[in-house]
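In case you want the letters, here they are:
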Amino acid sequence: MTDTLQSAIDQSQHRSPLARLAGTQVFWVLAAAILACLALTVLTDSFASERNLFNVARNFAFVAIIAIGMTAVIASGGIDLSVGSSLVLAAMVVSVLMEGGHSFWLSAAAAMGAALVVGLINGMLIAYVGMPAFVVTLGMLSAARSLAMVLSNNKMIYQFGPDHDLLLWLGGGSTFGLPHPLYILIALCGVMSVVFRWTRWGQHVFAIGGNEHAATLTGIPVRRLKVSIYIFSALTAGLAGILMAGWLGSVTTNLGQSMELAVIGGANLAGGEGTALGAVVGALLIEVIRNSLILLGISTFWQGMFIGTSIIIAVAFDRIRHMKA
Amino acid sequence: MSRLKLTGLSRSFGAIQALDDVSLEVAPGEVLGLMGDNGAGKSTLVKIVAGNFRPTKGEIRIDGQLVELHKPIDARERGIEVVYQDLALCDNLSAASNVFLGREPVRRFGPLAVIDYPAMRMRAGELFAQLKTETRPRDLVRRMSGGQRQAVAIARTLLSKPRIVLMDEPTAAISVRQVAEVLNLIRRLRDQGISVVLISHRMPDVFAVCDRIAVLRRGQMVASKRAAASSPEEVTGLITGAIETA
Ligand SMILES: Nc1ncnc2c1ncn2[C@@H]1O[C@H](COP(=O)(O)OP(=O)(O)OP(=O)(O)O)[C@@H](O)[C@H]1O
Ligand SMILES: [Mg+2]
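Given the structure is predicted, the values throughout are model-derived calculations rather than measurements.

What counts as what
- Residues numbered from 1 in each chain as written.
- Chains lettered and ligands numbered in written order.
- Predicted model: local features only at pLDDT ≥ 70, side-chain atom pairs only at ≥ 80, totals over all residues.
- Heavy atoms only, no water.
- Near = heavy atom within 4 Å.
- Polar contact = N/O pair within 3.5 Å; in protein donor to acceptor, adjacent residues only side chain to side chain.
- Areas by Shrake-Rupley, 256 points an atom, 1.4 Å probe, with all protein chains shown as cover.
- Salt bridge = Lys/Arg side-chain N within 4 Å of Asp/Glu carboxyl O.
- Helix = DSSP H or I, 4+ residues; strand = E, 2+ residues; numbered from the N terminus.
- Buried < 20%, exposed > 50% of the residue type's maximum accessible area, 1.4 Å probe, protein only.
- Core = buried A, V, L, I, M, F, W, Y, C linked by side-chain atoms within 4.5 Å.
- Contact = heavy atoms within 4.5 Å.
- pLDDT = per-residue confidence, 0-100.
- Disulfide = S-S within 2.5 Å.
- Pairing = 2+ DSSP bridges.
- Axes fitted to C-alpha atoms, helices over the stretch in contact; angles between N-to-C directions.
- Buried area = accessible area lost by both parts, 1.4 Å probe.
- Nonpolar A, V, L, I, M, F, W, Y, C, P; charged D, E, K, R; others polar.
- Phe/Tyr/Trp six-rings, centres within 6.5 Å; stacked < 30°, edge-to-face > 60°.
- Lys NZ or Arg CZ within 6 Å of the ring centre and 35° of its normal.
- Expected span 1.5 Å × (residues − 1).
- Left-handed = near helix turned anticlockwise from the far one by under 90°.

For the rest of this paragraph, the subject is the site of ligand 1. Residues and elements named next belong to chain B. Around ligand 1, the structure places 15 residues, and the nearest of them are Asn38, Gly39, Lys42, Ser43 and Thr44. One of the side-chain N or O atoms of Asn38 is found 2.9 Å from an oxygen atom in ligand 1. Gly39 is positioned with one of its backbone polar atoms (N or O) 2.8 Å from an oxygen atom of ligand 1. Coverage of ligand 1 by the protein amounts to 64% of the 640 Å² it exposes when considered alone.

Right, here's the structure in full:
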C-alpha cells in the first residue's frame, strides 16, 4: 500500500528527462538560436568577432531583463505594452537628476520609484477597476513617454554630474570580458527562476493565468497579486532603462521605442511557459535574428517583418503542440 | 444546536431575486440534499455560505455563532469547505498544486519562503488514496478525466478538518463507479461528524446518502424534510411546482 502510494506520488507523466527536455519549447527556441549562430559564423566573417558577440550579448541583455518581467505578466494572462515607455521614463528620471548634480544611487532610486508608480497605476486600473490590460497599458505607453519628454524638455542628456563615470561603467562597462548588463540579467534570471517555481507568489501568478475565477474562489488575493505583477514588469523596464542610459552615454526620448515588440516576442517565443530562462532564450533568439539581418546586409526595413513573423510562427507552434497534448 | 443555520437569507442580482427569504438548518453530521430546478438559486446559496457573495439580507450562524463572511478565507477559517460546480481548478497546474491552491505549505530559508512540494505531493497522494482514485499528484489537471478532476476538487476540501462541506453537483459528470465512491466519501465525512450539503439533480444519489432534503424553487425554500418521510415523486413535484410546499 505504501509502496503503491509512493510510486503514484513519484510518477510523472513525462518519461525521461531527455523526453521532458525535448517537450519544452525553450529547448527548441534555444536550438534555433544556436543553429542561427552557427550559420552566421559560417556565412559571415563579422558575426563571430569578439566585438559583435559583445554587442549582441549586451543588446539582448536589456530585452531579456524586461522579458523576464513580461513573463510574469503573460503567465498571469495579461499583457504590458508600456514597458518601452517605463524604460524611457526611468532613463530620463535618472539622467535629469544626475545632470542636476544628484548622486547615482539617489537618482536610480527615484527612477525605480517612477517605474513603480507606472506599474502601480497599470495594476490598479486592471485589477481594481477591471479595465482590459491591453487598453490600460496602451494608454500608459503614450502617457509615460510623454512624461519623459516633459521632464527633459525633449533634449538629449549626456552629462550625468558627479557620478557620470559610475553610470557609464555600470551600463556600458565590462568585467572579465562580459558586459555588466549581462551579469545583472544572469542574477535576475537566477532569482526569478526560483521565485516562479518555488514561491507562493509564483504559483499564484500561474493560478491566475490558468483560471482566475478559481484563484479568487480559493481565496488567493488576485487583485493585489495583479498589481504586484504589473509593478514587477515596470521595475524590470526601469532597471533596463537605467542601464541603457549608462550604455548609450546619452538619453533621448525615443529610447526604447517599439521595444515592447521584442520583449513580448521574447517572452512568447518560449510559449508563455513562464520560465525566466524561457524569456531569456526567447530574447536571445530575437536579438540573433536582428543581428543576422544587419550582418547579412538585408535592409533594416525588413526587420519588423522577420521579427513579427517569427513571433507569430512561434505562437502558432505552441498552439499546435497544446492541441496534440 | 445546528451546525449551520440560515435565517431570512436573500440575495438579488439587479432585477433577479436569486434567493428570497431562505431559512435552513443543518445538524452536525447531517447530510442535507439541496434540490431545485436550474436557476433555482442553489449555487447562489452555496456561494453565500462560502463567502463569495454577501447576502442582501439575512444572517448565517455556525454552531450558534453569528458570522460575517466577507471573503472565502473567512468561511474557510470557520471550517466551511466547498466543491464548486465548475470545480475551480487551474488546468495549467498539477493535481497537488490544485489541492493546495491558496494554502501551499512553505519552508523558510531566512527571508525566502519556499513551497514544500514534497510535502504537498505526499499529502495529496494520501488524500487520493483515501478517495480510491487513480489521480496522481504530479499530473497536470489539463490532462485529467472528469472523475479525476472531481477527485482533485474533493481532496481539496479534506485538507483542513472541515465542519461543513458544501458540494455543488459533485456527481454530475463522473462514471457510475466514481459516483459510488463520492457517495461513500460523503458517508465517511458524515461519520466524522462533518455536515454535508449536497446539491444534485440526481434523485437516486440524493436518496442514497441524504438524511434530509430541502427544495428551492425560484429562490424560495419550499420544503425541508426527512428523506425517510419523503419520496422521489414528492420531491419531483416540489421542484416543478406541481406540489406547492411540504
Ligand atoms: N453572478 C451573478 N450575476 C447575476 N445573476 C446571477 C449571478 N449568479 C447567479 N445569478 C442568477 O441567479 C439565479 C440563480 O442562479 P444559481 O446559479 O444559484 O442557480 P442554480 O440553482 O445553481 O442552477 P443550476 O442547477 O443551473 O446550477 C439565476 O437566475 C442566475 O441567472
Ligand atoms: Mg448551480
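The structure having been displayed, the exposition proceeds.
Side-chain pairs of opposite charge can arise where the charged atoms are in close proximity. Residues and elements named next belong to chain B. Counting across every chain of the model gives 16 salt bridges over all chains. Residues Arg163 and Asp63 are paired through a salt bridge, measuring 2.5 Å at the closest nitrogen-oxygen approach. Here Arg163, found in the loop between α5 (146-157) and β9 (164-168), pairs with Asp63, found in the loop between β4 (57-62) and β5 (65-67); they are 100 residues apart in sequence, far enough to count as distant. Asp63 sits in the partly exposed class, given a relative accessible area of 27%. One connected set of salt bridges, linked through shared partners, spans Arg3, Asp63 and Arg163.

This next bit is on the nonpolar core. By size, the foremost hydrophobic cluster in this structure holds 123 residues, and its most contacted members are Ile68 and Leu185 of chain A. Element by element, the count of residues in this core is highest for helix α4 (residues 50-75) of chain A, at 15 residues. Dropping the residues within four chain positions of it, Ile68 of chain A is found in contact with Leu185, Leu188, Cys189, Met192, Phe196, Phe232, Ala276, Ala279 and Val280 of chain A. Counting residues in each nonpolar core, the second largest holds 49 residues, with Leu89, Ala155, Leu183 and Val209 of chain B among its members.

A separate point is the confidence of the model for chain B. Residue and element names in this part refer to chain B. Scored by pLDDT, chain B has a mean of 86; 100% of the residues are at 70 or more. Taken element by element, chain B is modelled with least confidence in helix α6 (residues 176-191), mean pLDDT 80, and with most confidence in strand β3 (residues 31-36), mean pLDDT 93. Listed scores for the predicted complex are pTM 0.80 and ipTM 0.77.

Let us look at the side chain of Thr71 of chain A. All names here are of chain A. Relative to the helices and strands, Thr71 is located in helix α4. On the basis of relative accessible area, Thr71 is assigned to the buried category, the value being 5%. Setting aside anything within four residues of it in sequence, one finds Thr71 in contact with Phe196, Ala267, Gly274, Thr275 and Ala279.

So, about the state of the cysteines. Formally, a disulfide is one covalent bond, and it connects the sulfur atom of one cysteine to the sulfur atom of another. Under the criterion given, the structure shown has 0 disulfides over all chains. With no disulfide of its own, Cys37 of chain A lies 17 Å from the sulfur of Cys189 of chain A, the closest cysteine sulfur.

Residues and elements named next belong to chain B. Read across the sheet, 4 strands follow the order β2-β1-β4-β5 without closing on themselves; strand pairing throughout is antiparallel. Of all the strands in the sheet, just β2 (16-26) and β5 have a single pairing partner and so form its edges. The mean angle between the axes of side-by-side strands here comes to 30°, regardless of whether they run parallel or antiparallel. Bridge count for β4 against β5 is 3 bridges, and the pairing is antiparallel. Looking across to β5, one finds that Arg61 is bridged to Leu66. Sitting on the sheet, helix α1 (residues 42-49) touches β1 (4-13), β2 and β4, and the angle it makes with β1 is about 115°.

Quick look at the interface of chain B and chain A now. Residue-level contacts link 35 residues of chain B with 31 residues of chain A. Buried area between chain B and chain A, both sides added, is near 2800 Å², and the carbon and sulfur share of it is 59%. Considering only the side of chain B, the residues that lose the most area to chain A are Tyr117, Arg138 and Arg143 of chain B, jointly responsible for 19% of the buried surface there. The interface formed by chain B and chain A contains 1 salt bridge. When the shortest N-O distance is used, the salt bridge between Arg200 of chain A and Glu104 of chain B registers 3.0 Å. Put simply, the parts of the chain that give the side of chain B that touches chain A at least two residues each are α2 (72-77), β8 (112-115) and α4 (117-130) of chain B. When residues in the side of chain B that touches chain A are grouped by element, the largest group, 7 residues, is from α4 of chain B. For the side of chain B that touches chain A, the class distribution of residues is 18 nonpolar, 5 polar and 12 charged.

What follows deals with the packing of aromatic side chains. Using the criterion set out here, one finds 7 aromatic pairs over all chains in the structure. Between Phe13 of chain B and Phe53 of chain B the ring centres are 5.2 Å apart and the planes differ by 75°, which places this aromatic pair in the edge-to-face class. On the criterion of sequence distance, the pair formed by Phe13 of chain B in strand β1 and Phe53 of chain B in the loop between α1 and β4 is long-range, its members being 40 residues apart. Here Phe13 of chain B falls in the partly exposed class, since its relative accessible area comes to 31%. Here the aromatic residues Phe196, Trp201, Phe206 and Phe232 of chain A are joined through ring pairs into a cluster of three or more. When the ring centre of Trp198 of chain A is taken as origin, the NZ or CZ atom of Arg197 of chain A, which lies over that ring, is 5.0 Å away. We note Arg11 of chain B situated over the ring of Phe53 of chain B; from NZ or CZ to the ring centre the distance is 5.1 Å.

Next up on the list: helix α9 (residues 180-198) of chain A. Counted at 1.5 Å a residue, the expected span for α9 of chain A with its 19 residues is 27 Å, and the 27 Å between its end C-alpha atoms agrees. Taken as a whole, α9 of chain A has its buried residues at His180, Pro181, Leu182, Leu185, Leu188, Cys189, Met192, Val195 and Phe196 of chain A.

Counted residue by residue, strand β10 (residues 195-199) of chain B has 5 buried out of 5 residues, so it is predominantly covered. The two faces of β10 of chain B match: Ser195, Val197 and Ile199 of chain B on one face and Val196 and Leu198 of chain B on the other face are all buried.

Before going further, it helps to spend a moment on unusual backbone geometry. Residue and element names in this part refer to chain B. Look at Asp21: it is not a glycine, yet its phi comes out positive at around 55°. Structurally, Asp21 can be placed in strand β2. Exposure remark for Asp21: the relative accessible area of 51% places this residue in the exposed category. For Arg218, which is not glycine, the phi torsion reads 40° and is therefore positive. In this structure, Arg218 sits in the loop between β11 (212-217) and β12 (220-226). We classify Arg218 as exposed; its relative accessible area is 71%.

Residues and elements named next belong to chain A. Two numbers describe how α4 lies on helix α13 (residues 259-269): the axes approach to 8 Å, and their chain directions differ by 65°. At the point where α4 passes α13, the crossing takes the right-handed sense. Residues Phe62, Val63, Ile66, Ala67, Met70, Thr71 and Ile74 of α4 form the contact with α13, whose participating residues are Met259, Ala262, Val263, Ile264, Ala267 and Asn268. For the contact of α4 with α13, a count of residues per class yields 11 nonpolar, 2 polar and no charged.

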